[in-house]
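Here's the letter readout for the chains.
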Amino acid sequence: MRMRKLPWAEDFLNEQEVVVKEPAQYKGTWKEMLDCTCLHVEIGTGKGDYWTKMSQCYPDFGWIGVEKNSSVAALAVRKFVNMEGKKEHMRFIQDDAEEIAQWFAHGEVDVIHLNFSDPWPKKRAHKKRLSNHKFIAQYADILSDDGEIQMKTDNSSLFEYSIMEFQNEGWYLHDFSVDYRRVEHDEDVITEYENRFMERNQPIYRAVWKKHP
Ligand code: SAM
């Protein structure tokens, strides 16, 4: 779904300290900055429900949200501004994650979350999928040895594609479900998109990959 451009978004994002303007400057220092030993990064936060709520459920971890669309990012950051609770362990990057390995040092990230990523159904656009091998190669670099990628989607084609891409890159499928929300998972917040699919009784696919068994 395309969102109309919000005229206030860019000025608003520029004014917010939580928004990191030049993330590559902080490569290798994120855990110190966020005072944590475990760093989570969500790519494609959308309006920020997951990023804001998970950071409150797990305040000992560091939480970085990444969203390329400035209007959507502004809504996520506005959610952050209006929320109560601990905030020092959170940051936001409004940019395309296509060069994410420039922002984080080798092994610096512990968990990458890909929630309902854009499916890019046309074959020529598959390279934009966040589970394309070019992204996976960067995840392999920035993830810690025991780190993991957690992916959820409603889209069976994207799911199958992702399973194959990670397998081809030599990753280990650590966990897998084709109907994740059939049982309750209170430990994992429901995203905006996920809510829509659950209301339509569509199954939620989920996979977790690690670099090693
Ligand atoms: N994760 C949210 C949810 O589950 O409700 C939003 C899902 S929405 C379908 C996917 C989001 O990912 C969009 O807001 C899009 O702008 C963002 N996105 C897609 N590719 C991206 C990229 N390369 N870097 C950063 N954000 C990206």
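Structure shown above.
Note that the structure is a prediction, hence the values are computed from the model and not measured. Residues take numbers from 1 onward in each chain, read along the sequence in its written order. Under the rules for a predicted model, residues below a pLDDT of 70 receive no local features and side-chain atom pairs below 80 are neither given nor counted, while totals for whole chains, interfaces and linings still include all residues. To obtain the side-chain values, all non-hydrogen atoms of the structure were used and water was disregarded.

Undergrad: How would you sum up the sheet that holds strand 6 (residues 172–177)? Please name residues and give values.
TA: Note on sheets: strands pair through backbone hydrogen bonds, and any given pair is parallel or antiparallel. Pairing within the open sheet is mixed, and its seven strands lie in the order 3-2-1-4-5-7-6. The open sheet has two edge strands with one neighbour each: strand 3 (90–93) and strand 6. Across this sheet, the average inter-strand angle for adjacent strands is 15°, counted without regard to direction. Where strand 1 (residues 39–43) lies against strand 4 (residues 109–115), three bridges are found, and the strand directions are parallel. Among the inter-strand pairings, Val41 is bridged to a residue of strand 4, identified as Ile112. Docked against the sheet, helix 6 (residues 156–168) engages strand 5 (143–153), strand 6 and strand 7 (205–210), running at close to 15° with respect to strand 7. Pairs of strands are assigned from DSSP output, requiring at least two bridges between the strands. Each helix is a run of H or I in the DSSP string that is no shorter than four residues. Each strand is a run of E no shorter than two, and both are numbered from the N terminus. To get an axis, a line is fitted to the C-alpha atoms, and for a helix only the part in contact is used. The angle between two axes follows their N-to-C directions and goes from 0 to 180 degrees. Contact criterion: two residues are considered in contact whenever any of their non-hydrogen atoms come within 4.5 Å of each other.

Undergrad: How would you explain the pattern of salt bridges if you had to name every residue and give the values?
TA: In what follows, salt bridge is the name for a side-chain nitrogen of Lys or Arg lying within 4 Å of a carboxyl oxygen of Asp or Glu. The full count for this structure, using the stated rule, is 13 salt bridges. Between Lys79 and Glu192 there is a salt bridge; the shortest N-O distance is 3.0 Å. With Lys79 in helix 4 (residues 70–82) and Glu192 in helix 7 (residues 192–199), this residue pair connects regions lying 113 residues apart in the sequence. For Glu192, a relative accessible area of 21% gives the class partly exposed. The salt bridge involving Asp179 is made with Arg182; its shortest N-O contact spans 2.8 Å. Linked by salt bridges that have partners in common, Asp49, Lys53, Lys79 and Glu192 make up one network. Only protein chains enter the calculation, and the probe is 1.4 Å; a residue is then buried if its accessible area is under 20% of its type maximum, exposed if over 50%, and partly exposed in between.

Undergrad: How would you explain the site of the ligand if you had to name every residue and give the values?
TA: Around the ligand, 17 residues are found, and the nearest of them are Gly44, Glu67, Asp96, Asn115 and Thr191. Separating a nitrogen atom of the ligand from a backbone N or O atom of Ala97 is a distance of 3.0 Å. Interatomic distance of 2.9 Å between a backbone N/O atom of Asn115 and a nitrogen atom of the ligand. Only the protein chains shown count as cover for residues, and all accessible areas are computed by the Shrake-Rupley method using a 1.4 Å probe. The fraction of the free accessible surface of the ligand (590 Å²) that becomes covered by protein chains is 94%. Note that Gly is not counted as nonpolar here; it falls among the polar residues with everything else outside the nonpolar set of Ala, Val, Leu, Ile, Met, Phe, Trp, Tyr, Cys and Pro and the charged set of Asp, Glu, Lys and Arg. When the residues that make up the shell around the ligand are grouped by side-chain class, the tally is four nonpolar, six polar and seven charged. Proximity is defined per residue: if any heavy atom of the residue lies within 4 Å of a molecule or strand, that residue is considered near it. Polar contacts, as counted here, are pairs of nitrogen or oxygen atoms within 3.5 Å of one another; within protein the pair requires one atom able to donate a hydrogen and one able to accept it, and residues that are adjacent in sequence qualify only if both atoms are side-chain atoms.

Undergrad: Explain the nonpolar core to me, using residue names and the numbers behind them.
TA: Ranked by internal contacts, the top residues of the largest apolar core, which has 35 residues, are Ile43, Ile64, Ile100, Phe104, Ile112, Tyr139 and Ile149. Counting residues per element, this core draws most heavily on helix 6, which supplies five residues. Contact partners of Ile43, with chain neighbours within four places excluded, come to Val66, Ala97, Ile100, Ile112, His113, Leu114, Leu130 and Tyr139. In plain words, nonpolar cores are sets of buried Ala, Val, Leu, Ile, Met, Phe, Trp, Tyr and Cys residues tied together by side-chain atoms within 4.5 Å.

Undergrad: So what's going on with a positive patch on the surface? Which residues, and what values?
TA: Distance thresholds for patches are 9 Å for like charges and 5 Å for nonpolar side chains (Val, Leu, Ile, Met, Phe, Trp, Tyr), applied to residues having over 30% relative accessible area and no salt bridge. Positive charge is attributed to Lys and Arg, negative charge to Asp and Glu, and no charge count is given to His or to the chain ends. Note on charges: their place is set at NZ of Lys, CZ of Arg, CG of Asp or CD of Glu. Together, Arg2, Lys68, Lys122, Arg124, Lys127, Lys128 and Lys134 line one region of the surface with positive charge. When you line up the elements, Lys122 lands in the loop between strand 4 and helix 5 (133–142). Assessed through its relative accessible area of 53%, Lys122 is described here as exposed.

Undergrad: Explain the packing of aromatic side chains to me, and be specific about the residues and the numbers.
TA: Between 30 and 60 degrees the pair is tilted, below 30 it is stacked and above 60 it is edge-to-face, where a pair is any two Phe, Tyr or Trp rings, Trp via its six-membered ring, whose centres lie within 6.5 Å. Per the stated rule, a full pass over the model turns up 13 aromatic pairs. Ring centres of Phe166 and Trp171 lie 5.3 Å apart, and the angle between their planes is 80°; on these two criteria the pair is classed as edge-to-face. Residues Phe166 and Trp171 agree in their burial class; the two are buried. Note on Tyr193 and Phe197: the rings are 6.4 Å apart at their centroids and 45° apart in plane angle, and the pair reads as tilted. Here Tyr193 pairs with Phe197, and both are found in helix 7, just four residues apart, close to one helical turn. Classification of Tyr193 by relative accessible area gives partly exposed; the value is 30%. Taken together, the ring pairs in this structure connect Tyr26, Trp30 and Phe104 into an aromatic cluster.

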